[in-house]
Amino acid sequence: MSTPESLQDTMRQSAELLYAHELEALRQHDSGKVPAGWQMSPQSVLTFITGGKAGKVTITPKYIGNRRLVEMAIATLVTDRALLLIGEPGTAKSWLSENLAAAIYGHSNLVVQGTAGTSEEHVRYSWNYAMLLANGPTSEALVQSPIMRAMELGGIARFEEISRCASEVQDALISILSEKTISVPELGKEMNARKGFSIIATANTRDRGVNEMSAALKRRFNIIVLPAPSSLETEIDIVRKRVGEIASAYDLQAAVPADEALLKVVTIFRELRSGMTLDRKDKLKSPAGVISTAEAISLLTNSMALAASFGSGELTDEDLAAGLQGAIVKDDDKDRIVWKEYLDNVMKKRGEQWRGLYQACKEMNE
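Residues numbered from 1 in each chain as written. Predicted model: local features only at pLDDT ≥ 70, side-chain atom pairs only at ≥ 80, totals over all residues. Heavy atoms only, no water.

Going by what an unreviewed UniProt entry lists, the chain is known as AAA family ATPase and is assigned to Paenibacillus kyungheensis.

**A few points about the overall build of the chain**
In terms of regular secondary structure, the chain is built from 17 helices and 11 strands. Taking 21 Å as the expected radius of gyration for a compact globule of 366 residues, we find that the chain reaches 23 Å, a close match to that expectation. Of the roughly 18,100 Å² of accessible surface on the chain, a fraction of 51% belongs to carbon and sulfur atoms. Both charge centroids of the chain, one from 42 positive and one from 47 negative side chains, sit 6 Å from each other. (Helix = DSSP H or I, 4+ residues; strand = E, 2+ residues; numbered from the N terminus. Rg over C-alpha atoms; globule rule 2.2 N^0.38 Å. Areas by Shrake-Rupley, 256 points an atom, 1.4 Å probe, with all protein chains shown as cover. Lys, Arg positive; Asp, Glu negative; His and termini not counted. Charge placed at Lys NZ, Arg CZ, Asp CG, Glu CD.)

**Considerations on the packing of helix α13 (residues 259–274) against helix α15 (residues 317–328)**
Geometrically, a packed helix pair is captured by the angle between its two axes and the distance between the axes. Contact pair α13 / α15: the axes reach a minimum separation of 12 Å and the direction vectors enclose 20°. On the basis of their axis angle, the class for α13 and α15 is roughly parallel. The interaxial crossing formed by α13 with α15 has right-handed handedness. Residues Ala 261, Val 265, Ile 268, Phe 269 and Leu 272 of α13 form the contact with α15, whose own contacting residues are Leu 320, Leu 324, Ala 327 and Ile 328. (Axes fitted to C-alpha atoms, helices over the stretch in contact; angles between N-to-C directions. Parallel < 35°, antiparallel > 145°, perpendicular 65-115°, else oblique. Left-handed = near helix turned anticlockwise from the far one by under 90°. Contact = heavy atoms within 4.5 Å.)

**Here's the deal with the sheet that holds strand β10 (residues 198–204)**
The 5 strands are arranged β4-β7-β10-β3-β11 in an open sheet whose pairing can be described as parallel. Each edge of the sheet is formed by a strand with only one pairing partner; in this case those strands are β4 (111–113) and β11 (221–226). Across the sheet, the mean angle from the axis of one strand to that of its neighbour is 15°, orientation sign disregarded. In the packing of helix α5 (residues 67–78) onto the sheet, contacts are made with β3 (82–87), β10 and β11, and the angle to β11 comes to roughly 165°. (Pairing = 2+ DSSP bridges.)

**Observations concerning the pattern of salt bridges**
One pass over the full model with this rule turns up 20 salt bridges. One salt bridge connects Arg 158 with Glu 160, and the closest N-O pair in it is separated by 3.2 Å. Neither Arg 158 nor Glu 160 differs from the other in exposure class; each is buried. In this structure, the salt-bridge partner of Glu 271 is Arg 350, at a minimum N-O distance of 2.5 Å. In this pair, Glu 271 sits in helix α13 while Arg 350 sits in the loop between α16 (333–345) and α17 (352–365), placing the two residues 79 residues apart along the sequence. (Salt bridge = Lys/Arg side-chain N within 4 Å of Asp/Glu carboxyl O. Buried < 20%, exposed > 50% of the residue type's maximum accessible area, 1.4 Å probe, protein only.)

**A look at helix α4 (residues 42–50)**
Within the span of α4, buried status applies to Ser 44, Val 45, Leu 46, Phe 48, Ile 49 and Thr 50. In this structure, the buried residues of α4 make contact with α3 (20–28), β2 (57–59), α5 and α6 (93–104). Where α4 terminates, the next one or two residues include Gly 51, which has phi positive at roughly 100°.

**Some remarks on the nonpolar core**
In terms of nonpolar packing, the biggest core is built from 68 residues, with Leu 100, Ile 147, Phe 159, Ile 162, Leu 173 and Phe 221 touching the most fellow members. Of all the elements, α6 adds the most residues to this core, at 7 residues. (Core = buried A, V, L, I, M, F, W, Y, C linked by side-chain atoms within 4.5 Å.)

**What about the packing of aromatic side chains?**
Under the definition given, this model contains 4 aromatic pairs. Their ring planes at 80° and their centres at 5.9 Å tell us that Tyr 19 and Phe 48 sit as a pair that is edge-to-face. With Tyr 19 in the loop between α2 (15–18) and α3 and Phe 48 in helix α4, this pair connects stretches of sequence that are 29 residues apart. Looking at Tyr 19, the relative accessible area reads 7%, which means it is buried. On the basis of relative accessibility, which here comes to 0%, the residue Phe 48 falls in the buried class. For the pair Tyr 19 and Trp 95, a centre-to-centre distance of 6.4 Å together with 70° between the ring planes defines the contact as edge-to-face. Linking Tyr 19 in the loop between α2 and α3 with Trp 95 in helix α6, this pair joins segments that are 76 residues apart in sequence. With respect to burial, Tyr 19 and Trp 95 carry one shared label: buried. Through pairs of rings, three or more aromatic residues link up here, namely Tyr 19, Phe 48 and Trp 95. (Phe/Tyr/Trp six-rings, centres within 6.5 Å; stacked < 30°, edge-to-face > 60°.)

The following block contains the structure:
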């Protein structure tokens, strides 16, 4: 059992621990109808995700974007339908999934991570083979999957990157989502889901063609597509909020990036991502790698760590340039050409405010 002191040393706290004070305030001031298996009403879940007040406690927004999409996601989970969040990398699919599970069920750690190595046992159940050999199939030897555990408890299971799994693994979900049961023939019994059980899955649009989901499986989900941030201002708000949270969690001894630095980084990312300057006057080549909001957040926090460890603690153009180089120029030689063309054809022409960053980036790219 973790103590409060040990939790402070945890590298990454789950949403239910990180926002425990907010969740408790929402539960105490909840006047709405609470569905079976939930710990608060749908209206309070929405407040937890999008921000607001619970008595005198300020609820920080966890997802900055289209409020209606969040309402649709919550409404889906009120029913017996599972939820599938689809989007480009960095559109906060996993973050939204985790916070929905934390608000609805109080725990977000019943997770299946989809990979090429994920097997049907990860979805259904497996066995403790030492106990199996000693005593045969028994309830004690049964090892429940996170999904089976969620069914038993009436909770939320999360299935990350479902399209990374082989088709036979995906298809193991069809009967679970349809019948809300898992049969264990070795024990001659079935696990029936309690009220409140559901699954939130995520899928990356960049993974299309890896393992396409079958039409039968898609029909078992309500699908919500999470878009990239719609405007420059929205993306800056997201980046500012997450960078501040991460810097606080890791106690980075550096000043939070100024608005000018945020504007420059987000502008560069949006232009390279879209293949066009913000004023839509010039077309650009896009790098092969992912240029997402999550990458911008990582870039800025890494730059802060660089400034704190090897600088004055104030974020400089040189710190940003180092981060931009690593974020944009991956292994592909084409990325270096794309970045060089952007520097010479776009950033160089942007005047005095961009001069220092241009020079620092130019030196890094030589």
